[in-house]
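# Report on the structure
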2 protein chains.
Amino acid sequence: MPLYTASSLKAELNSKGWRLTPQRETILHVFQNLPRGNHLSAEELYNVLHKRGEQISLSTIYRTVKLMARMGILRELELAEGHKHYELNHPYPHHHHHLVCVQCNRTIEFRNDTILKQGVKQVDKMGLELIDCQLTIHTICPEALRRGWPAMLPSNWACSRAIAQTEELEEDLSEN
Amino acid sequence: MPLYTASSLKAELNSKGWRLTPQRETILHVFQNLPRGNHLSAEELYNVLHKRGEQISLSTIYRTVKLMARMGILRELELAEGHKHYELNHPYPHHHHHLVCVQCNRTIEFRNDTILKQGVKQVDKMGLELIDCQLTIHTICPEALRRGWPAMLPSNWACSRAIAQTEELEEDLSEN
DNA sequence: TTAAGTGCAAAAGTTTTGCACCAAG
DNA sequence: CTTGGTGCAAAACTTTTGCACTTAA
């Protein structure tokens, strides 16, 4: 059971005065059939479509993914590669976050329900609605380290301190 | 007491074979004197510097902020405005996250120690080091709503479901 | 001294837009 | 029919790079 069928997508669009077009339907299908963990840039989506023989222009792709991201259907990911990536905005049990190597841009997904809960709590507190909520962790992956990127983070780095102090905090609260 | 002095910055740089230049020092100063909650794009930083009479080229600015972000001194923010913003990467008690309106790009900062703790836990589990950890929440702000952006999110949206299910989960765990 | 950094101008990319035509509701 | 959507080509931007010249260590 996909998150959206053509008709539920149509209903969503029409309710805002927008239209369901074959292009939009096709693009949604691509994302729905994308193996979990994959995400596409506009250009990649364009290529996937062309391989399938679908002729959708790059402009339309850009317009569509942006619209769908604003609707909450797609998630816009900034994985530090100079362009945005998109993926289906999966509901709770499949919601996930990303870890990115600042050196080589390698990306790893992870799930963490506590974070989603905190996001929900935050918007609730402000009376807003959640469209998306993503934690991005920047790190240096083992490969990059091996290739010579700073063997150690400096001792007085903001984030080193953050770690130290947070660990203390964690002990104090003796949580989980 | 700033996070970095010229000499601690120099030490950090030198330890990796890099150099402290007047440009790098000046750029760090700008960020250290930026009122909390502000962040600058490369272009904005360029303008700030020029108003002060500092002649630093855009290329150098791009090179410097990227270097400092990879070192963990600055944080690279993607606030959906088509270009990156930078701010000092503050340690724990001042660490914060962002809430962004998908419609008007208005940004609101918030603090949440639980999220930072989860980020630390995640990298620890994988044996990595944390450089930055930022939750970005996408939402529609009240102003945008008032200006006519979808009065309600659709009932079957991924994120609506995420909220519902997470709230149940929250009750189940009866946490905090 | 010598390897790294800077500035400039040009290049490379991604994303947006104007406009004429097409099509969904 | 009317208004929104698409495709194309051009434009707009942000970010990166090659290269000659400086300069920190």
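These notes cover the structure that comes with them. Here the residue numbering is sequential within each chain, running from 1 through the sequence in written order. Each chain gets a letter, beginning with A, and each ligand a number, beginning with 1, in the order they are written. Only residues with pLDDT of 70 or above have their local features reported here, since the model is predicted, and side-chain atom pairs are shown and tallied only from 80 upward, although totals for entire chains, interfaces and linings are computed over all residues. Remark: hydrogens and water are excluded; side-chain values derive from all non-hydrogen atoms of the structure.

## Re the protein's contact with DNA strand C
Stated precisely, the cut-off is as follows: One heavy atom within 4 Å of a molecule or strand is enough for the residue carrying it to be called near that molecule or strand. Any pair of N or O atoms that falls within 3.5 Å is considered a polar contact. Within protein, one atom must be able to donate a hydrogen and the other to accept it, and sequence-neighbouring residues count only if both atoms are side-chain atoms. Going along the chain from the N terminus, every DSSP run of H or I of four or more residues is numbered as a helix, and every run of E of two or more is numbered as a strand.
Taken together, 23 residues sit near DNA strand C, with Tyr-62 and Lys-66 of chain A together with Arg-24, Thr-60 and Arg-63 of chain B positioned nearest. Backbone sugar and phosphate groups make up 64% of those atoms of DNA strand C lying within 4 Å of the protein. Contact between DNA strand C and Thr-21 of chain B: a phosphate oxygen at 2.8 Å from a side-chain N or O atom of the residue. For the surface near DNA strand C, the elements supplying multiple residues, two or more each, are α1 (6-14) and α4 (58-71) of chain A together with α2 (22-32) and α4 (58-71) of chain B. The biggest single contributor to the surface near DNA strand C is α4 of chain A, with four residues.

## A word on the sheet that holds strand β3 (residues 97-101) of chain A
Worth spelling out the cut-off: At least two DSSP bridges between two strands are required for those strands to pair. The axes used here are C-alpha line fits, helices contributing only the stretch in contact, and every angle between their N-to-C directions lies in the interval 0 to 180 degrees.
Taken in spatial order, the six strands of this open sheet run β4(A)-β3(A)-β5(A)-β5(B)-β3(B)-β4(B), and their pairing is mixed. Unpaired on one side and paired on the other, β4 (107-110) of chain A together with β4 (107-110) of chain B mark the two borders of the sheet. On average, each strand axis in the sheet is tilted by 25° relative to the strand beside it, whichever way the strands run. Here strand β3 (residues 97-101) of chain B runs beside β4 of chain B; their pairing, made up of four bridges, is antiparallel.

## Focus on the protein's contact with DNA strand D
Note the threshold: Ten residue types, Ala, Val, Leu, Ile, Met, Phe, Trp, Tyr, Cys and Pro, are classed as nonpolar, four, Asp, Glu, Lys and Arg, as charged, and the remainder, Gly among them, as polar.
Residues in contact with DNA strand D amount to 25 residues; listed here are only the nearest, Arg-19, Thr-60 and Arg-63 of chain A together with Tyr-62 and Lys-66 of chain B. Within 4 Å of the protein, atoms of DNA strand D come from sugar and phosphate in 67% of cases. One nitrogen or oxygen atom from the main chain of Gln-55 of chain A is found 3.0 Å from a phosphate oxygen belonging to DNA strand D. Contact distances for DNA strand D include 3.5 Å between a phosphate oxygen and a side-chain N or O atom of Asn-14 of chain B. For the surface near DNA strand D, the secondary-structure elements that each account for two or more residues are α2 (22-32) and α4 of chain A together with α1 (6-14) and α4 of chain B. When residues in the surface near DNA strand D are grouped by element, the largest group, four residues, is from α4 of chain B. Among the residues making up the surface near DNA strand D, the classes are represented as five nonpolar, 11 polar and nine charged.

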